[in-house]
Amino acid sequence: CAAWTAWGVYAPMWPAVPINAFGLVAAACFLAVCWGFVISGRADAPTWGRHAAAGTVAALALIPCCVAYARLSPQRAQHIGDLAMLICILMYASPLSVVRQVIARRSSDLLPPAQCAMQFANCLAWMVVGMNSHATQVLICNGLGFALGVLQLSLLVAFPAAKRGHAPLTEGEQAV
């Protein structure tokens, strides 16, 4: 959201600013709450260790760098838009990391249905914004996000999740 906000302000592409500024605040609140639980010991979150802390610090350090770079010129702001597009594509594709397990088990219990549905709807709306504003970065990442959302929703329909949680991963599935 920080990269999209900087791009929107300095490119300028004003439709991207309000919602991404809101997303930036929401993400900051989410991180503060999650790290608060981890630090206080009230959360059993083994994946929220040193690597996650380093990633969080690196991402936070990158924000002022992106803003400073985008402020230099509209052309440089476009570079930040390209970075935001790449990050967005990776985010949209992240649920697909479990496709092999979904197909092998013939169950979509590892896919987050709400996230997949929201991705589909969000990307559809932003594709309209991208077409109306001729914003290449918005069109590319949301076009791919929309296609990935369709694939994810198709997997949810083709391989319905079991009624109760999912079975533990087998040794072969953990190695994937």
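Quick caveat: nothing in here was measured; it's all calculated off a predicted structure.

The rules behind these values
- Residues numbered from 1 in each chain as written.
- Predicted model: local features only at pLDDT ≥ 70, side-chain atom pairs only at ≥ 80, totals over all residues.
- Heavy atoms only, no water.
- Helix = DSSP H or I, 4+ residues; strand = E, 2+ residues; numbered from the N terminus.
- Contact = heavy atoms within 4.5 Å.
- Salt bridge = Lys/Arg side-chain N within 4 Å of Asp/Glu carboxyl O.
- Expected span 1.5 Å × (residues − 1).
- Buried < 20%, exposed > 50% of the residue type's maximum accessible area, 1.4 Å probe, protein only.
- Axes fitted to C-alpha atoms, helices over the stretch in contact; angles between N-to-C directions.
- Parallel < 35°, antiparallel > 145°, perpendicular 65-115°, else oblique.
- Left-handed = near helix turned anticlockwise from the far one by under 90°.
- Nonpolar A, V, L, I, M, F, W, Y, C, P; charged D, E, K, R; others polar.
- Core = buried A, V, L, I, M, F, W, Y, C linked by side-chain atoms within 4.5 Å.
- Polar contact = N/O pair within 3.5 Å; in protein donor to acceptor, adjacent residues only side chain to side chain.
- pLDDT = per-residue confidence, 0-100.
- Phe/Tyr/Trp six-rings, centres within 6.5 Å; stacked < 30°, edge-to-face > 60°.
- Lys NZ or Arg CZ within 6 Å of the ring centre and 35° of its normal.

### Details of the environment of A43
Okay, so step 1: Here A43 is to be found in the loop between α2 (17-40) and α3 (50-71).
Okay, so step 2: If sequence neighbours within four positions are ignored, A43 has contacts with F37 and V38.

### Looking at the pattern of salt bridges
Okay, so step 1: Under the criterion given, the structure shown has one salt bridge.
Okay, so step 2: In this structure, R105 and D109 form a salt bridge, with 3.8 Å as the shortest nitrogen-oxygen distance.

### Re α3
Okay, so step 1: With 22 residues, α3 should cover 32 Å at 1.5 Å per step; its first-to-last C-alpha distance of 32 Å lies within 8% of that length.
Okay, so step 2: Taken together, the buried positions of α3 are T56, C66 and A70.
Okay, so step 3: Buried-residue contacts for α3 involve α1 (2-10), α2 and α4 (74-93).

### Thoughts on the packing of α2 against α3
Okay, so step 1: Relative orientation of the contacting elements α2 and α3 amounts to 150°, with a least axis distance of 13 Å. The orientation of α2 relative to α3 falls into the category roughly antiparallel. α2 and α3 meet at a crossing whose hand is left-handed. Where α2 approaches α3, its residues L24, L31 and W35 are matched on the opposing element by A52, A53, T56 and I63.
Okay, so step 2: Class assignment of the residues belonging to the contact of α2 with α3 gives a composition of six nonpolar, one polar and no charged.

### So, the nonpolar core
Okay, so step 1: In this structure, W4, W7, I80 and V138 are the most contacted members of the largest nonpolar core, which totals 21 residues.
Okay, so step 2: With six residues, α4 is the single largest residue contributor to this core.
Okay, so step 3: If we ignore the near neighbours within four places in the chain, the residues touching W4 are A16, N20, G81, A84, M85, C88, Q137, V138 and C141.
Okay, so step 4: With eight residues, the next largest nonpolar core counts V98, V99, L111 and C116 among its residues.

### Structural notes on the side chain of T5
Okay, so step 1: Looking at where T5 falls in the secondary structure, it is placed in helix α1.
Okay, so step 2: Its relative accessible area of 14% is what places T5 among the buried residues.
Okay, so step 3: A distance of 2.7 Å separates the side chain of T5 from the backbone oxygen of C1, its partner in a polar contact.
Okay, so step 4: Beyond its immediate chain neighbours, meaning those up to four positions away, T5 contacts V17, N20 and A21.

### Regarding the confidence of the model for the chain
Okay, so step 1: For the chain, mean pLDDT is 89; residues scoring 70 or higher make up 92% of the total.
Okay, so step 2: Per-residue pLDDT, averaged within each element of the chain, yields its smallest value for helix α8 (residues 171-174) (53) and its largest for α1 (95).

### A closer look at unusual backbone geometry
A negative phi angle is the norm for most residues apart from glycine, just as the trans form is the norm for most peptide bonds.
Okay, so step 1: A cis amide bond links A11 with the next residue in sequence, P12, at an omega value of -20°.
Okay, so step 2: Counting through the fold element by element, P12 comes out in the loop between α1 and α2.
Okay, so step 3: Its identity as a non-glycine residue notwithstanding, R106 has a phi of 60°, on the positive side.
Okay, so step 4: Not every positive phi belongs to a glycine, and H134 is a case in point at roughly 55°.
Okay, so step 5: Positionally, H134 belongs in the loop between α6 (113-133) and α7 (136-158).
Okay, so step 6: With a relative accessible area of 68%, H134 lands in the exposed category.

### Focus: the packing of aromatic side chains
Okay, so step 1: Tallied over the entire structure, the rule returns three aromatic pairs.
Okay, so step 2: Note that R42 overlies the ring of F37, its terminal NZ or CZ placed 4.6 Å from the centroid.

### A word on the environment of C116
Okay, so step 1: Considering the arrangement of structural elements, one finds C116 in helix α6.
Okay, so step 2: Residues C116 and Q75 lie 41 residues apart in sequence; the distance between their C-alpha atoms is 33 Å.
Okay, so step 3: Here C116 is in contact with Q152, L153 and L156, once residues within four sequence places are set aside.

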